[in-house]
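Inside the fold
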Amino acid sequence: MSQPWDYIAKLVCIGDSGTGKSSLTIRLCEGRFSSSHDVTIGVEFGSRIVPVGPPASRHFGKERDDYGPNHAPSGLAAPGADEEPVVSGLPSPPRKTQADQKRMKLSLWDTAGQETYKSITRSYFRGASGALLVFDITRPSSFVSCTQWLHDLRQIAEEGIVVILVGNKCDLSGDGSIQNQRRVTRQEAEDWCRQNNVVRYVETSAKSGEGVEHAFLEVAERIHQNIEGGKYDLNDRRSGVKGFGATGGRNNGVPKTVTLGLNDAMRRGGNGWAGSCCS
């Protein structure tokens, strides 16, 4: 029986309350959108196994990240996209890329955005290897807050954490059928990323699903690049990344929390879980 994944990585979703962090996590983990969601208290959990490395990595490194629903987003290639043609009736040569394809389990920690819970949620930054810093493109105040969120994250998380900026609710930017409610431009967000050494800006809509998988898999792919570059000790519980079967923590370094779906974790209320890697 083959192993279900090669690596597991802890990701945190951070940003002001109401920016859509929980909706993004639900969209990724459950493939649905809920128009009403209770305010997150403390932290909620989800998980998703995603492809990293070739051929998934071929879809990254583009200048713009505005993938639509018909663009096979975030490393999930369209059927047949990587197939070799048959020439003169001869079979295709053996493909080598599939052997390089890896699977990463993302352990997603959706944190509360209210100031009341910041002392709690900051503790969950420890041991994270990646972060999605989310703001609402219709609320400039949530964009301004990103500077403080990033400062807090870098004060607590491990050095070298992969961070991308996510502008959520791009479905409200106007497409002719609705009024344009955008108040933060793409250029402003991209300039902020350059000024703050954040690797990428991605726009998403938890409602339509646009860009959501790409946002999470952008982080996963960059974490995989760091793994390939030897930047993590896969047996160190503080590194934010584990290899399959790695030791150094309970259940061989893979705490049970990562096997929970989002609903399961919400029913448990998030009580009693530690803030170390991938728990």
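As shown above, the structure is provided for reference.
Fair warning: this is a prediction, and the values are worked out from it, not measured in the lab. (Residues numbered from 1 in each chain as written. Predicted model: local features only at pLDDT ≥ 70, side-chain atom pairs only at ≥ 80, totals over all residues. Heavy atoms only, no water.)

Quick word on the overall build of the protein chain
We apply this condition: Put simply, DSSP H or I for four residues or longer makes a helix, DSSP E for two residues or longer makes a strand, and each gets a number counted from the N terminus. Relative accessibility under 20% of the residue-type maximum defines a buried residue, over 50% an exposed one, and the middle range a partly exposed one, all with a 1.4 Å probe and only protein chains included. Every residue pair with non-hydrogen atoms within 4.5 Å of one another is taken to be in contact. Only the protein chains shown count as cover for residues, and the accessible areas themselves come from Shrake-Rupley with a 1.4 Å probe.
Scanning the protein chain from terminus to terminus reveals nine helices and seven strands. Expressed as a percentage of the 279 residues in the protein chain, the buried residues total 49%. Restricting the contact set of the protein chain to residue pairs at least 6 apart, pairs at least 24 apart contribute 80%. When the accessible surface of the protein chain is summed, it comes to about 13,500 Å², and 47% of that surface belongs to carbon and sulfur atoms.

Remarks on the packing of aromatic side chains
The following threshold applies: Here is the rule: rings of Phe, Tyr and Trp (six-membered ring for Trp) pair when centre to centre is within 6.5 Å. Planes less than 30 degrees apart are stacked, more than 60 are edge-to-face, and the remainder are tilted.
Using the criterion set out here, one finds six aromatic pairs in the structure. Ring geometry for F45 and W109: centres 5.0 Å apart, planes at 70 degrees, overall edge-to-face. In this pair, F45 sits in strand β2 (residues 43-52) while W109 sits in strand β3 (residues 102-111), placing the two residues 64 residues apart along the sequence. Summarising the aromatic geometry, the rings of W109 and Y124 are spaced 5.2 Å apart at their centres and angled 50 degrees between planes, so their arrangement reads as tilted.

Regarding helix α6 (residues 186-195)
Put simply, the rule is: Directions from the helix axis toward the C-beta atoms define the arc.
Taken residue by residue, α6 has R186, A189, W192 and C193 as its buried positions. Buried positions in α6, seen along its axis, are confined to an arc of 125 degrees and lie on one side of it. Away from its buried face by more than 90 degrees, α6 exposes R194 and Q195. Contacts made by the buried residues of α6 are with β4 (130-136), α4 (140-144), α5 (146-156), β5 (162-168) and β6 (200-203). The first or second residue beyond α6 is N197, which carries a positive phi of 55 degrees.

The values reported here are purely geometric and, on their own, carry no functional implication.
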